[in-house]
Amino acid sequence: MKKTIRDIDVSNKRVFVRVDYNVPINNELKIVDDSRITATLPTINYLIEHGAKIILCSHLGRPEGQIDPKLSLRPVLARLSKLLDKPISFAEDVLDDSTSEMINNLQSGDILMLENIRFYKQEEANNDAFAKKLASLADIFVLEAFGTAHRKHASTYGIAKYIPAVCGFLVEQELNMFNKVLNNPEHPFVAILGGAKLADKLPVIENLLDKVDTVLIGGGMAYTFIKAIGGSVGMSMIDNSKLELASQILDKAKEKGVRIILPIDNIGAKEFSENAETKKFSSGFFADGYQGMDIGPKTIKCFKKVIKKAKTIVWNGPLGVYEYERFRHGTDKIAKYVAKNKGVSVIGGGDSVAAIQSLGVAKKVSHISTGGGASLMLLQGKKLPCVEMIEDR
Ligand code: AMP
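Residue positions are counted from 1 within each chain, in the order its sequence is given. The predicted origin of the model limits local features to residues at a pLDDT of at least 70 and limits the giving and counting of side-chain atom pairs to 80 or more, whereas totals for whole chains, interfaces and linings rest on all residues. Side-chain numbers come from the whole structure's heavy atoms, not from hydrogens or water.

Undergrad: Just to check I follow, could you spell out the pattern of salt bridges for this structure?
TA: For side chains bearing opposite charge, pairing can occur when the charged atoms are close. Each reported salt bridge corresponds to a side-chain nitrogen of Lys or Arg within 4 Å of a carboxyl oxygen of Asp or Glu. For the structure shown, the criterion picks out 15 salt bridges. Across the salt bridge formed by Glu-92 and Arg-74, the nearest N and O atoms sit 2.6 Å from each other. With Glu-92 in the loop between strand S3 (89-91) and helix H4 (97-104) and Arg-74 in helix H3 (residues 74-84), this pair connects stretches of sequence that are 18 residues apart. For every residue, the accessible area (1.4 Å probe, protein chains only) is compared with the maximum for its type, and the residue is labelled buried under 20%, exposed over 50%, or partly exposed between those bounds. A relative accessible area of 43% places Arg-74 in the partly exposed class. Residues Glu-124 and Arg-118 are paired through a salt bridge, measuring 4.0 Å at the closest nitrogen-oxygen approach. In DSSP terms, a helix is any run of H or I states spanning at least four residues, a strand is any run of E spanning at least two, and both are numbered starting from the N terminus.

What follows is the structure in structure tokens.
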């Protein structure tokens with residue numbers, strides 16, 4: 001168990017909170033989804049109530065070490081200020097003396113937000129002098145950026161070398177949920193994996209083989225498995241360099257008594273586009289020139305049965321090309337079944353989270369992770385480097 005803000009006296013202390021306010025912002029600089037902001041409110045409110053002087057630090061987008069006004073955190077400041085019904089001061093340049101002065105003038109319960117920390121190239125380089133400078137502005141470091149906890153950056157990792165470091169409530173909740181499903185799951189435990197990045201997903205399956213009863217595979221990654229067992233997949237996405245590993249994983253699963261269920265049928269398209277001519281294919285029997293874009297109705301029915309009986313579910317990745325509405329059907333159906341399940345369900349990854357949210361069933365699942373990459377790393381059985389910097393309780 002890692003220390004949290006409950007384990008340290010924050011009263012009157014300068015508390016540097018690394019949040020992940022990397023929220024989607026449209027061309028009119030309006031925030032499209034503020035869930036990453038609202039997710040940090042319990043921590044911020046706790047710090048206000050306990051008299052901390054709060055310094056908020058985040059990145060937004062990929063400015064790559066350059067100042068980009070379109071990626072300013074000002075819209076985020078406005079939204080947070082509204083949510084808290086409280087003024088928040090803003091520091092443009094963390095390296096300027098005026099920022100230290102502003103911080104020294106903070107009263108208990110006051111909040112100051114720093115401008116996008118990735119405007120400095122030292123951030124992603126985890127520059128030690130920069131990390132030390134950030135640490136010099138505060139007495140305590142709080143890791144609340146679960147979405148960035150897998151990256152060793154100055155404000156997420158380097159800073160923790162220099163001042164006492166604890167987790168915020170969001171990071172605590174994320175770790176508790178993943179710990180619960182990975183180390184103490186109720187059975188049947190079902191993993192649903194989709195998406196395209198086979199290199200990320202295969203280590204997840206390998207790690208889960210000792211824990212789960214069933215793995216349901218859909219999305220682009222399924223076709224490498226189907227090809228590995230000798231099926232024809234037409235023009236579907238496959239990774240030839242992973243055929244051997246996919247086949248080894250299928251063998252290992254058999255040895256361990258874990259069921260890996262691949263799609264039975266698929267919606268194929270003549271080209272990778274929303275308006276392409278489509279046709280249904282049984283798995284392994286694709287006609288030349290077609291590629292798999294979504295799971296088919298028989299697969300949906302089969303997956304539904306397995307999901308219905310599950311007591312624990314983890315889900316990462318869409319079952320089809322989620323960007324195109326026409327090929328979203330399988331993912332949406334699976335989202336509905338996962339939401340209906342009364343067991344523990346943990347969802348991570350952009351498209352699977354989007355499916356749950358767009359169907360309005362987010363409250364019905366146990367946990368929606370705020371970090372795609374970080375949650376994948378945990379599912380792969382790895383430790384998050386930034387969390388490792390936090391002292392044990
Ligand atoms: P990932 O980041 O690994 O979760 O992959 C997400 C991506 O997988 C999305 O952009 C989907 O469009 C893509 N995807 C899902 N199913 C397929 C498919 N059958 N063929 C190609 N891409 C897919």
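Undergrad: Can you help me understand the site of the ligand in this one?
TA: To be near a molecule or strand, a residue needs just one of its heavy atoms within 4 Å of it. Not every one of the 18 residues close to the ligand is listed here, only the nearest: Ala-196, Lys-197, Lys-201, Gly-292 and Glu-323. Interatomic distance of 2.9 Å between a side-chain N/O atom of Lys-201 and an oxygen atom of the ligand. All accessible-area figures derive from a Shrake-Rupley calculation using a 1.4 Å probe, and residue coverage is judged against the displayed protein chains alone. When isolated, the ligand has an accessible area of 500 Å², and the protein chains bury 86% of it. In this classification, the charged set is Asp, Glu, Lys and Arg, the nonpolar set is Ala, Val, Leu, Ile, Met, Phe, Trp, Tyr, Cys and Pro, and all remaining amino acids, among them Gly, are polar. Looking at the shell around the ligand residue by residue, the class counts come to eight nonpolar, six polar and four charged. Here a polar contact is recorded for every N or O atom pair within 3.5 Å, except that within protein the pair must consist of a potential hydrogen donor and a potential acceptor, and residues adjacent in sequence are included only if both atoms are side-chain atoms.

Undergrad: What should I look at first to understand the sheet that holds strand S13 (residues 312-316) in this one?
TA: DSSP calls a pair of strands paired once it identifies at least 2 bridges connecting them. Strand order in the open sheet formed by six strands is S9-S8-S7-S13-S14-S15, with parallel pairing between adjacent strands. The strands lining the two open edges of the sheet, one partner per strand, are strand S9 (259-261) and strand S15 (367-368). Of the strand pairs in this sheet, strand S7 (residues 189-193) and S13 are connected by five bridges, and their pairing is parallel. Bridge pairing in S13 places Val-190 opposite Ile-313. Contacts from helix H14 (residues 372-379) reach S13 and strand S14 (344-348), with the element oriented near 130 degrees to S13. It only takes one pair of heavy atoms within 4.5 Å for two residues to be counted as in contact. Axes here mean lines fitted to C-alpha atoms, for a helix over just the part in contact, with angles spanning 0 to 180 degrees between N-to-C directions.

Undergrad: What is the right way to read the packing of aromatic side chains from this model?
TA: Geometrically, a pair of aromatic rings is defined through the distance of the ring centres and the angle of the planes. Each pair of aromatic rings taken from Phe, Tyr and Trp, with Trp reduced to its six-membered ring, is defined by centres within 6.5 Å and is described as stacked if the planes are under 30 degrees apart, edge-to-face if over 60, and tilted in the remaining cases. Taken as a whole and assessed by the stated rule, the structure comprises nine aromatic pairs. For the pair Tyr-324 and Phe-327, a centre-to-centre distance of 6.5 Å together with 65 degrees between the ring planes defines the contact as edge-to-face. Residue classification places Tyr-324 among the partly exposed residues on the basis of a relative accessible area of 22%. With relative accessibility at 1%, the residue Phe-327 sits in the buried group. Taken together, the ring pairs connect Tyr-223, Phe-281, Phe-286 and Tyr-290 into an aromatic cluster. The cationic tip of Arg-328 hangs over the ring face of Tyr-322; the distance from NZ or CZ to the ring centre is 4.6 Å. The rule for a charge over a ring is simple: NZ of Lys or CZ of Arg within 6 Å of the ring centre, and within 35 degrees of the ring normal.

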